[in-house]
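Here is what each chain is made of, one letter per residue.
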Amino acid sequence: MKVVIVGGVAGGASAAARIRRLDEHAQIIMIERSGYVSYANCGLPYYVGGVIKEQEELTLQTPESFWDRFRIDVRVRQEVTAINPTEKTVTVHALDSGKVYTETYDKLLLAPGAKPTVPALSGVSSERVFTLRTVEDTLRIRRFVENQKPKSAVLAGGGFIGLEMAENLVEMGVSVTIVQRPKQLLAPLEADMASFVHAEMRRHGVALRLGETVTGFRQDGNSVLTLLEDSEPLRSDMVLLAIGVTPDTHLAKESGLRLGIRGSIAVNERMETSVPDIYAVGDAVEVTHFVTGQKALISLAGPANKQGRIAADNICGGNSRFHGSQGSSVLKLFGLTAASTGINEKAAQAAGITYDKVVLFPASHATYYPGAQSMAMKVLYEKETLRLLGAQIVGREGADKRIDVLATAIRAGMTALELTELDLAYAPPYSSA
């Protein structure tokens, strides 16, 4: 069996390793457009900020290590430009040499990921306007920060990457302004929960321009002006676009694969596309939301890794299924942790779910033990059945473990009342009895 995998990182690389574990004789070829095949995508902002010191620490596997350990043929700086499902071939362009060749396959796995959303705005191609997706993007930003030593930055967008970059730039002494159209940061959180994040960002000197629209950029000497719809332009030394991601699915579309919401690749529970012997995983695919049962796009490393392993099982003759994603996430922001799982009130309303909620402020551990701090917690449940729907937690300690407990409870289909039956570990430094 010959398997060609298009794209590495979380989904493609985990699938390749899993296929090898299941089939020691399979010929596995992984083709990656960038120069790095398996890297810690979520760690990229921390390399820019110098928290992760060495570039090599971002690279989980190299083409050489994949071959030495798994006998997987990894080809970086090569791009698949076309798929011929009838002939079961892909056309590959070697970016460095310019060579174009054809590769056959028995099974094809697409893991193209998602690309930063870059709006059609004037000045967006300026050398001082950056996006962050690949290791190459990270190295470019790091070089700019080291060589140009910017004093100010504007971040367009208040999602995960934008906020992580804001934290790292502030720690380097850069003055940061975040601009975005929504009136709150972090869409998974409700506005009341996001207010704690706003306060933490402002406490560290980050200026928030919420509810404002970016209309373009203009280079002005060694500065770049961020043009706003109803306000004066913002002058800064650099700009980072972090307004979201878009499934990178032009190849799938051109090959006749059925598409899902927002141009994503439609797959079934087995991660099979509409074309036989072609699978797809990761940020490019449409998934079923575990709580609502509706189609969704959830760009997170955990589901991508899981989907890669499921696709690998099925490529090798198994019958594994992906039962949906609930969007569990956690984010460090200076001294604060913001975490969520399942759906928020807005999503519940959109799904037509009759819900209720409880908001509480528990201590991170027993209050008589030194250092206890309160956290804000909101838990949603279905009104009639008491089925758990989602949770959001913002605090300084213990938020991560509590969101994981609630994420597990949601996956298990537990009700709010059944939470009282959980037998969780207790000691004064860690929790309350």
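First things first, this report covers the structure right here in the doc. For clarity, every value in this text was computed on a predicted model and none was experimentally measured. (Residues numbered from 1 in each chain as written. Predicted model: local features only at pLDDT ≥ 70, side-chain atom pairs only at ≥ 80, totals over all residues. Heavy atoms only, no water.)

We now examine the packing of helix H1 (residues 9–22) against helix H8 (residues 301–315). Two elements in contact, H1 and H8, have axes whose closest approach is 7 Å; the angle formed by their N-to-C orientations is 35°. Classified by chirality, the crossing of H8 by H1 is right-handed. In this structure, H1 uses Ala10, Gly11, Ser14, Ala15, Arg18, Ile19 and Leu22 to contact H8, whose residues at the interface are Ala301, Ala304, Asn305, Gly308, Arg309, Ala312, Asp313 and Ile315. (Axes fitted to C-alpha atoms, helices over the stretch in contact; angles between N-to-C directions. Helix = DSSP H or I, 4+ residues; strand = E, 2+ residues; numbered from the N terminus. Left-handed = near helix turned anticlockwise from the far one by under 90°. Contact = heavy atoms within 4.5 Å.)

Here the focus is the pattern of salt bridges. All told, the structure shown has 21 salt bridges when counted by the stated rule. As a salt-bridge pair, Arg396 and Glu200 come within 2.5 Å of each other at their nearest N and O atoms. With Arg396 in the loop between strand S27 (388–395) and helix H10 (399–411) and Glu200 in helix H6 (residues 191–203), this pair connects stretches of sequence that are 196 residues apart. Here Glu200 falls in the buried class, since its relative accessible area comes to 2%. (Salt bridge = Lys/Arg side-chain N within 4 Å of Asp/Glu carboxyl O. Buried < 20%, exposed > 50% of the residue type's maximum accessible area, 1.4 Å probe, protein only.)

This paragraph deals with unusual backbone geometry. One non-glycine residue, Lys149, lies in the positive phi region at around 45°. Its place among the elements puts Lys149 in the loop between helix H4 (135–148) and strand S12 (152–156). Residue classification places Lys149 among the exposed residues on the basis of a relative accessible area of 55%.

Okay, the packing of aromatic side chains next. We describe a pair of aromatic rings using the distance from one ring centre to the other and the angle between the two ring planes. For the coordinates displayed, the defined rule picks out two aromatic pairs. With a centroid separation of 5.9 Å and an interplanar angle of 45°, the aromatic rings of Phe66 and Phe70 are classed as tilted. One end of the pair, Phe66, and the other, Phe70, are both in helix H3 (residues 63–70), four residues apart, so they sit about a helical turn from each other. Residue classification places Phe70 among the buried positions, given a relative accessible area of 9%. Looking at Lys99, its charged tip hangs above the ring of Tyr101, at a distance of 5.3 Å from the centre. (Phe/Tyr/Trp six-rings, centres within 6.5 Å; stacked < 30°, edge-to-face > 60°. Lys NZ or Arg CZ within 6 Å of the ring centre and 35° of its normal.)

With that settled, consider a nonpolar patch on the surface. Where nonpolar side chains cluster on the molecular surface, the patch consists of Phe196, Val359 and Phe361 and spans about 280 Å² of accessible area. Judged by its relative accessible area of 39%, Val359 is partly exposed. (Patch = residues over 30% accessible without salt bridge, like charges linked within 9 Å, V, L, I, M, F, W, Y side chains within 5 Å. Areas by Shrake-Rupley, 256 points an atom, 1.4 Å probe, with all protein chains shown as cover.)

Bringing empty space enclosed by the protein into the picture now. Here the idea is plain: a probe the size of a water molecule rolls over the atoms and shows the empty space left. In total, this model carries one cavity of 30 Å³ or more according to the counting rule given. Taken as a whole, the largest cavity encloses approximately 50 Å³ of empty space. Forming the walls of the largest cavity are Phe160, Leu186, Pro188, Leu189, Ser329, Leu331, Ala338, Ala339 and Ser340. Of all the elements in the fold, those that place two or more residues in the lining of the largest cavity are strand S23 (329–333) and strand S24 (336–342). Of all the elements, S24 adds the most residues to the lining of the largest cavity, at three residues. (1 Å grid on protein atoms, 1.4 Å probe; cavity = no way out; pocket = protein on both sides within 12 Å on 5 of 7 lines; lining within 4 Å. Points joined across faces, edges and corners; volume = space filled by probe spheres on them.)

This part takes up the nonpolar core. With 51 residues, the main nonpolar core has Ile83, Leu108, Leu110 and Ile265 as its most contacted residues. With five residues, the single largest contributor to this core is H1. Filtering out sequence-adjacent residues up to four positions away, Leu108 remains in contact with Val4, Val6, Ile83, Val90, Asp277, Ile278 and Tyr279. Counting residues in each nonpolar core, the second largest holds 43 residues, with Leu58, Leu163, Ala194 and Met201 among its members. (Core = buried A, V, L, I, M, F, W, Y, C linked by side-chain atoms within 4.5 Å.)

Purely geometric stuff here, so don't read any function into it on its own.
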